[in-house]
Amino acid sequence: MSPGYPVETVKEGKASLLVPRLDPEAEEHIQQQRSQAPVFYNAVMKTNRDTAILALRTYQRKKSRNVQVCEPMTGSGVRGIRLLLEAGEIEDMVLGDLSPSALALAGENAELNGVRDRIKLRELDANLLMSLHSYPFGRFDYIDVDPYGTPTPFYDTAIRATKNHGMIALTATDMPPLCGVNARACIRKYGGRPLQGEFCHEVALRLLGSSFIHQAAIHGYAATPLFSYYADHYVRAYFRIDKGARRIEGQLNQVGFIKYCPGCLHRFPSMENAPERCGCGEDVNIGGPLWLGELSDVEFLDGMIDEIGNAPHLAGTKAEVIMGLARGEMGFQVSFFDIDKICKLVGVKSVSTEDAFGAIRETGFSAVPTHYRSRTLKTDASIDELVDVFNRFKNIG
Ligand SMILES: C[S@@+](CC[C@H](N)C(=O)[O-])C[C@H]1O[C@@H](n2cnc3c(N)ncnc32)[C@H](O)[C@@H]1O
Ligand SMILES: [Zn+2]
């Protein structure tokens, strides 16, 4: 049945989908076209959905039982349908959306992929849908919150509609507030101050983390980040929620601040937000409160990486690259360095990525690339030590 607007068929993962056809002639207005389309579908977000499949597979491997899943803002249905086709056995899959056109298309896409009888479609506001599942036998194992902009208005109901030890994924696409372009909006939505600067995307993940951990605490749950990353102008985090006051305290004790000197690039975590002057004489900028603990769980992330072996169609994807880099970042201190920023500070012409890593490691420090951006690194060296290392490039013609 035609949905009454131009559509095309696309393939994503193991799914074939009907999605609104955008005008390829007006490529430069693609963002605007997408936001005005009768139903939302963005092929770039495949990476986001690939990680959802690997995360759910990892969760399922641990549970070894059927699971209940909800995607309360489904758009074309692509995510829920792919989860049914590419993750393990799902007993209940509830897909919701406020938009009747989205639900009609999601239904048609489910039919096209032979899973129509395995999904329940709900034309409801996401908060209402999740509230309707906030009772002991109505809760889900996994809720995937993938809204426009910020997920914060959906924290409360997502937590209430998830089982103890269940998993919640959050996507946030409102990068201007989270990266400090609109700090007041970030404080309003996430309850913390962002930090502009080279590692703002990591700060964004940490703000998302602390805001969610606080909301989970209100409901008696400790929220543990299982896998967090930044890509394609969004941040995304998977959390497990577990009941228990002691666990909650353990998480809240890891919420603090990052102090950053834009003059000399010195940065350090702090449990207080008292103003400070840096050793170089400049005042430090303070970001937070934010999550200072690990952004991923070693066992879970290793599990996701392993799952690629069981889902070979996801090998070689951007998701795999991001997961590998995020795994390498674990165990390092908060924040990361940008090679070009250090070069500018030291006053040397651009140093190749290979030479920068080589020089840091030769000096006896560890250094790993990050998933945030090319030419960035995490290291156990301080900025003063990095300046010493980079000063050596001054003497090289
Ligand atoms: C970013 S899109 C979702 C994309 C989808 N999850 C995917 O992976 O392609 C957001 C969707 O949420 C729907 N939406 C927005 N506000 C909503 C609300 N309050 N309740 C339910 N759905 C909502 C929109 O109609 C849209 O389809
Ligand atoms: Zn300084």
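So, here's what we can say about the structure. (Residues numbered from 1 in each chain as written. Chains lettered and ligands numbered in written order. Predicted model: local features only at pLDDT ≥ 70, side-chain atom pairs only at ≥ 80, totals over all residues.)

Here we come to the overall build of the chain. In terms of helices and strands, the chain carries 15 helices and 15 strands. Against the 2.2 N^0.38 benchmark of 21 Å for 397 residues, the chain shows a C-alpha radius of gyration of 22 Å, consistent with a compact globule. When the backbone C-alpha atoms are referred to their principal axes, the chain occupies close to 70 × 55 × 40 Å. Burial analysis of the chain (397 residues in total) assigns 47% to the buried set. For the chain, the proportion of contacts with a sequence separation of at least 24, taken over those separated by at least 6, is 65%. (Helix = DSSP H or I, 4+ residues; strand = E, 2+ residues; numbered from the N terminus. Rg over C-alpha atoms; globule rule 2.2 N^0.38 Å. Buried ≥ 20, exposed ≤ 12 C-beta atoms within 10 Å, placed from the backbone. Contact = placed C-beta atoms within 7 Å.)

Turning next to the pairing of strand 1 (residues 7–12). Judged by how many residues are buried, strand 1 sits mostly at the surface: zero of six residues are covered. In this structure, strand 1 lies alongside strand 2 (residues 15–20), joined through six bridges in antiparallel fashion. Note on strand 2: the bridge partner recorded for Thr 9 is Leu 18. (Pairing = 2+ DSSP bridges.)

A separate point is the pairing of strand 2. Most of strand 2 sits inside the fold, with five of its six residues counted as buried. Hairpin remark: strand 1 followed by strand 2, antiparallel, with two residues in the connecting loop; positive phi at Gly 13, about 55°.

Here we come to the sheet that holds strand 13 (residues 337–338). Here three strands make up an open sheet; going across it, the order is 13-15-14 and the pairing antiparallel. Both edges of this open sheet fall to strand 13 and strand 14 (367–369), since each of them pairs with a single strand only. By the bridge criterion, two bridges tie strand 13 to strand 15 (residues 376–379) in an arrangement that is antiparallel. Note on strand 15: the bridge partner recorded for Phe 337 is Leu 377.

In this section: the site of ligand 1. Near ligand 1 you find 21 residues, and of these Met 73, Gly 75, Arg 79, Ala 126 and Asp 146 are the closest. Each residue belonging to the shell around ligand 1 can be placed in one class, and the counts come to 11 nonpolar, five polar and five charged. (Near = placed C-beta within 6 Å. Nonpolar A, V, L, I, M, F, W, Y, C, P; charged D, E, K, R; others polar.)

Ordered by their spatial adjacency, seven strands build an open sheet running 5-4-3-6-7-9-8, and the pairing between neighbours is mixed. The sheet is open, and its two borders are formed by strand 5 (119–122) and strand 8 (221–231), each paired with just one other strand. Across the sheet, the mean angle separating the axes of adjacent strands is 15° when strand polarity is ignored. Pairing geometry for strand 8 and strand 9 (residues 234–243), over 10 bridges, is antiparallel. From the neighbouring strand, Tyr 221 faces strand 9, where its bridge partner is Lys 243. (Axes fitted to C-alpha atoms, helices over the stretch in contact; angles between N-to-C directions.)

What follows covers unusual backbone geometry. In this model, Gly 288 is joined to Pro 289 through a cis peptide bond whose omega is 5°. Turning to its location among the elements, Pro 289 is positioned in strand 12 (residues 285–291). Located in the positive-phi region is His 165, a residue other than glycine, with phi close to 70°. When you line up the elements, His 165 lands in strand 7 (residues 162–172).

Next up on the list: the packing of helix 2 (residues 46–63) against helix 11 (residues 298–307). Axis separation between helix 2 and helix 11 bottoms out at 8 Å; the angle between their running directions is 110°. One way to sum up the angle between helix 2 and helix 11 is to call them roughly perpendicular. Residue-level inspection shows Leu 54, Ala 55, Arg 57, Thr 58 and Arg 61 of helix 2 in contact with helix 11, the latter providing Phe 300, Gly 303, Met 304 and Glu 307. Along the lines of polarity and charge, the residues of the contact of helix 2 with helix 11 split into four nonpolar, two polar and three charged. (Parallel < 35°, antiparallel > 145°, perpendicular 65-115°, else oblique.)

Counting 115 residues, the largest nonpolar core has Ala 55, Ile 168, Ala 204 and Leu 208 as the members making the most contacts within it. With nine residues, helix 9 (residues 200–218) is the single largest residue contributor to this core. Beyond its immediate sequence surroundings of up to four residues, Ala 55 is in contact with Met 167, Ala 169, Leu 226, Phe 227, Tyr 238 and Met 304. (Core = buried A, V, L, I, M, F, W, Y, C linked by C-beta atoms within 7 Å.)

This part takes up helix 3 (residues 78–86). Judged by how many residues are buried, helix 3 sits mostly within the fold: eight of nine residues are covered. Among all positions in helix 3, only Val 78, Arg 79, Gly 80, Ile 81, Arg 82, Leu 83, Leu 84 and Glu 86 are buried.

A separate point is helix 8 (residues 183–190). Taken together, the buried positions of helix 8 are Cys 186, Lys 189 and Tyr 190. Each buried residue of helix 8 lies within a common arc of 75° when the element is viewed along its axis, so the set occupies one face. Helix 8 presents Arg 184 and Arg 188 as exposed residues on the side facing more than 90 degrees away from its buried surface. Check the buried side of helix 8 and you find it contacts helix 7 (175–178) and helix 9. Positive backbone phi, approximately 70°, marks Gly 191, located one or two places after helix 8. (Arc of directions from axis to C-beta.)

Further remarks concern the packing of helix 2 against helix 3. Two numbers describe a pair of packed helices, the interaxial angle and the distance between the axes. Interhelical geometry of helix 2 versus helix 3 gives an angle of 40° and a closest axis separation of 10 Å. The pairing of helix 2 with helix 3 is recorded here as oblique in orientation. Of the two possible hands of crossing, helix 2 and helix 3 adopt the one that is right-handed. Here Arg 49, Ala 52, Ile 53 and Leu 56 of helix 2 come into contact with helix 3, specifically with Val 78, Arg 79, Arg 82, Leu 83 and Glu 86. Looking at the contact of helix 2 with helix 3, its residues break down into five nonpolar, no polar and four charged. (Left-handed = near helix turned anticlockwise from the far one by under 90°.)

What follows is about the environment of Val 321. Mapped onto the elements, Val 321 comes out in helix 12 (residues 318–329). Taking C-alpha positions, Val 321 is 9.8 Å from Ile 305, a pair spaced 16 residues apart along the chain.

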